[in-house]
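Below, each chain spelled out in residue letters.
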Amino acid sequence: LQALSADAPNKFEPVEKGLKISRPEHPKQRASHVGFDWIGSLTGDFEVTMSYRDFESKSDRADFTCPRLLIFIPIGGANDSPQHTHSVSSEHRRLADGKEIIVGGVREPQADGTKAWRSDQKPTKRTAGRLRIVRQGKMLYYLSAEADSDNFVFTGSRAASDAVVNLIAFNLRSESRNSSA
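Source: prediction; values computed, not measured.

Rules used throughout
Residues numbered from 1 in each chain as written. Predicted model: local features only at pLDDT ≥ 70, side-chain atom pairs only at ≥ 80, totals over all residues. Heavy atoms only, no water. Buried < 20%, exposed > 50% of the residue type's maximum accessible area, 1.4 Å probe, protein only. Helix = DSSP H or I, 4+ residues; strand = E, 2+ residues; numbered from the N terminus. Pairing = 2+ DSSP bridges. Axes fitted to C-alpha atoms, helices over the stretch in contact; angles between N-to-C directions. Salt bridge = Lys/Arg side-chain N within 4 Å of Asp/Glu carboxyl O. Phe/Tyr/Trp six-rings, centres within 6.5 Å; stacked < 30°, edge-to-face > 60°.

Engineer: Please explain the pairing of strand β13 (residues 165-173) as it appears in this structure.
Structural biologist: Regular strands place their side chains on alternate faces of the sheet. Counting buried residues in β13 gives 7 out of 9 residues, a clear majority hidden from the surface. Pairing of strand β6 (residues 68-75) with β13 involves 6 bridges; the strand directions are antiparallel. Bridge pairing in β13 links leucine 70 to asparagine 171.

Engineer: What is the right way to read the sheet that holds strand β5 (residues 46-52) from this model?
Structural biologist: Sheets are built from strands paired through backbone hydrogen bonds, the pairs being either parallel or antiparallel. One open sheet accounts for 4 strands, arranged β5-β10-β11-β12; its pairing is antiparallel. Strands with a single pairing partner mark the edges of an open sheet, and in this sheet they are β5 and β12 (153-159). Averaged over all pairs of adjacent strands, the angle between strand axes in this sheet comes to 15°, irrespective of strand direction. Pairing between β5 and strand β10 (residues 129-136): 7 bridges, direction antiparallel. Paired with serine 51 across the two strands is arginine 130, which belongs to β10.

Engineer: Would you mind showing me how to read the pattern of salt bridges here?
Structural biologist: Side chains that carry opposite charge are capable of pairing whenever their charged atoms lie near each other. Within the structure shown, the criterion is met by 8 salt bridges. Across the pair glutamate 91 and arginine 93 runs a salt bridge whose closest N-O atoms are separated by 2.5 Å. Its relative accessible area of 8% is what places glutamate 91 among the buried residues. Each of the salt bridges in this network shares a partner with another, and the network as a whole consists of Arg68, Glu91 and Arg93.

Engineer: Looking at this structure, how should I read the packing of aromatic side chains?
Structural biologist: Each aromatic ring pair is described using two quantities: the centre-to-centre distance and the angle formed by the ring planes. Counted by the stated rule, this structure contains 1 aromatic pair. Relative to tryptophan 117, the ring of phenylalanine 72 has its centre 6.4 Å away and its plane inclined at 50°; by these criteria the two rings are tilted. Of this pair, phenylalanine 72 sits in strand β6 while tryptophan 117 is found in strand β9 (residues 115-124), placing the two residues 45 residues apart along the sequence. Since its relative accessible area comes to 43%, tryptophan 117 is described here as partly exposed.

Here's what the structure looks like:
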């Protein structure tokens, strides 16, 4: 587990069939997260799944800094390194108005040399579920399912890269000020 933040007292608590991770409310903007980072070398086709339950949060933000659970995978190398080609993310977000969405997206190169996110989203009302990212060749697919279900629903897909993956992050994020998860 990585407590990738020094700005708030993240809490880790063993619970039946898992680990409860809490990020208490904090008065300042923060760009950190808490979770597990797998580090290794992964090539070719793969499938990554994260299960979660009891997702609770509050925030005054409706943008990308709202509280969320996510799988994040930089492809080719660390973000913004010369080897980096794309990033992919599958997320469960709770917006300020209480609406929840499942988001899947890819950060991809643009003609001007910058990189931009292109994403797809679907509304959800669940607080437990599963997120999945699948790579087949150069195609990335993001899917979601109800908790304890193998019936995954397509969220979206994008062409990307078949470059090596050296990091897969499973995170809880709530970086906007006065948010908690």
